[in-house]
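# Secondary and tertiary structure notes
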Amino acid sequence: MLSVLSAATSYFKGSGKMSESDVTRINAANDDQATELAGDIYDIIRTIRDPEKPQSLEELDVVYEDCVSVSHRGNDEYLIRIEFMPTVPHCSLATLIGLCLRVKLERSLPHKFKLDIFIKKGGHSTEDEINKQINDKERIAAAMENPNLRELVERCLIEEE
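Residues numbered from 1 in each chain as written. Predicted model: local features only at pLDDT ≥ 70, side-chain atom pairs only at ≥ 80, totals over all residues. Heavy atoms only, no water.

### Side note on the side chain of Asp116
The line we're drawing: A run of H or I in DSSP becomes a helix once it reaches four residues, and a run of E becomes a strand once it reaches two; helices and strands are each numbered from the N terminus. N or O atoms closer than or at 3.5 Å make up a polar contact, with two conditions inside protein: a donor-capable atom paired with an acceptor-capable one, and, for residues adjacent in sequence, both atoms drawn from side chains. Contact between two residues is taken to exist if any of their heavy atoms lie within 4.5 Å; hydrogens are not considered.
With respect to the secondary-structure elements, Asp116 resides in strand β3 (residues 112-119). Of note is the side chain of Asp116, whose polar atom sits 2.6 Å from the side chain of Lys114. Non-local contacts of Asp116, meaning those with residues more than four positions away in its chain, are made with Leu79, Ile80, Arg81, Ile82 and Asn135.

### Regarding the pairing of β3
The criterion, for reference: We call two strands paired when DSSP finds no fewer than two bridges between them. When the strands point away from the viewer, a crossover counts as right-handed if the route from the first strand across the helix to the second turns clockwise.
Sheet topology places strand β2 (residues 77-84) next to β3; eight bridges connect them, and they run parallel. Of the residues in β3, the one forming a bridge with Glu77 is Lys112. In this fold, the crossover linking β2 to β3 by way of helix α3 (residues 94-108) has right-handed handedness.

### Topic: the state of the cysteines
Threshold: Note on terminology: pairs of cysteine sulfur atoms within 2.5 Å are recorded as disulfides.
Under the definition given, this model contains zero disulfides. Of the cysteine sulfurs around Cys100, a residue in no disulfide, the closest is that of Cys156, at 4.0 Å.

### Some words on the packing of α3 against helix α6 (residues 147-157)
The description of two packed helices rests on the angle between their axes and on the distance between the axes. Operational definition: Inter-axis angles, ranging from 0 to 180 degrees, are taken between N-to-C directions of lines fitted to C-alpha atoms, where helices are fitted over the stretch in contact. Note on angle classes: values under 35 degrees are labelled roughly parallel, values over 145 roughly antiparallel, values of 65 to 115 roughly perpendicular, and the remainder oblique. Rotating anticlockwise by less than a right angle from the far helix to the near helix defines a left-handed crossing, while the corresponding clockwise rotation defines a right-handed one.
Packing of α3 against α6 leaves a shortest axis separation of 10 Å and a crossing angle of 70°. Judged by the angle between their axes, α3 and α6 are roughly perpendicular. In this structure, α3 crosses over α6, and the sense of that crossing is right-handed. In this structure, α3 contributes Leu96, Leu99, Cys100, Val103, Lys104 and Arg107 to the contact, and α6 contributes Leu149, Leu152, Val153, Glu154, Cys156 and Leu157.

### Looking at a negative patch on the surface
Here is the rule: Two joining distances apply to patches: 9 Å for like charges and 5 Å for nonpolar side chains (Val, Leu, Ile, Met, Phe, Trp, Tyr), and every residue must have over 30% relative accessible area and no salt bridge. Every accessible area reported is derived by Shrake-Rupley at a probe size of 1.4 Å, with residue values counting cover from the shown protein chains alone. Should a side-chain nitrogen of Lys or Arg be within 4 Å of a carboxyl oxygen of Asp or Glu, the pair is scored as a salt bridge. Residues scored as positive are Lys and Arg, those scored as negative are Asp and Glu, and His as well as the terminal groups of each chain are ignored. The atoms used to mark charge sites are NZ of Lys, CZ of Arg, CG of Asp and CD of Glu.
Together, Asp31, Asp32, Glu36 and Asp40 make up a negatively charged patch on the protein surface. Here Glu36 is to be found in helix α2 (residues 20-45).

### Thoughts on the confidence of the model for the protein chain
Rules: The pLDDT score gives, residue by residue, the confidence of the prediction method on a 0 to 100 scale.
Here the protein chain shows a mean pLDDT of 85. Residues at 70 or above account for 80%. Overall, residues 1-13 carries pLDDT values under 50, and its contacts beyond four positions in sequence, including any with other chains, amount to 14 contacts.

### Some words on the side chain of Ser56
Among the secondary structure elements, Ser56 is positioned in the loop between α2 and β1 (68-74). Leave out the neighbours within four places in its chain, and Ser56 touches Arg46, Thr47, Ile48, Arg49 and Asp50.

Here it is, written out as structure tokens:
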């Protein structure tokens, strides 16, 4: 972090141009932050319970460490992409799993972020429809207004001690 501050200081004190090494240091610091955040995100989502089974999404290989990617968008804002793999290609609860992922991350992350959640390509027979649903803010809000659905989500988010 110190190298980022020194690069910014030299930018403002100097001619308004950053050297190539300053830009490289800033990019490296941003990459390190994004990598660390991806690990933190995985730790948050891996404990979500499957809606039908007693295991977590991690235990069922629905989510895995490489399913999270994070890129820095500037000013402490991140683009987060989660890709998950339902246990079967016709999983009737894939939309609910996507909803659980979104709700848990929105509650847990202090950063500004854009969150994209997708079913892994070829992972579901109706993946395009489901991807649209789980990335539509209005549909997410409407789903969470349904008390039965909200209760299902809450049960999936409860962490075992």
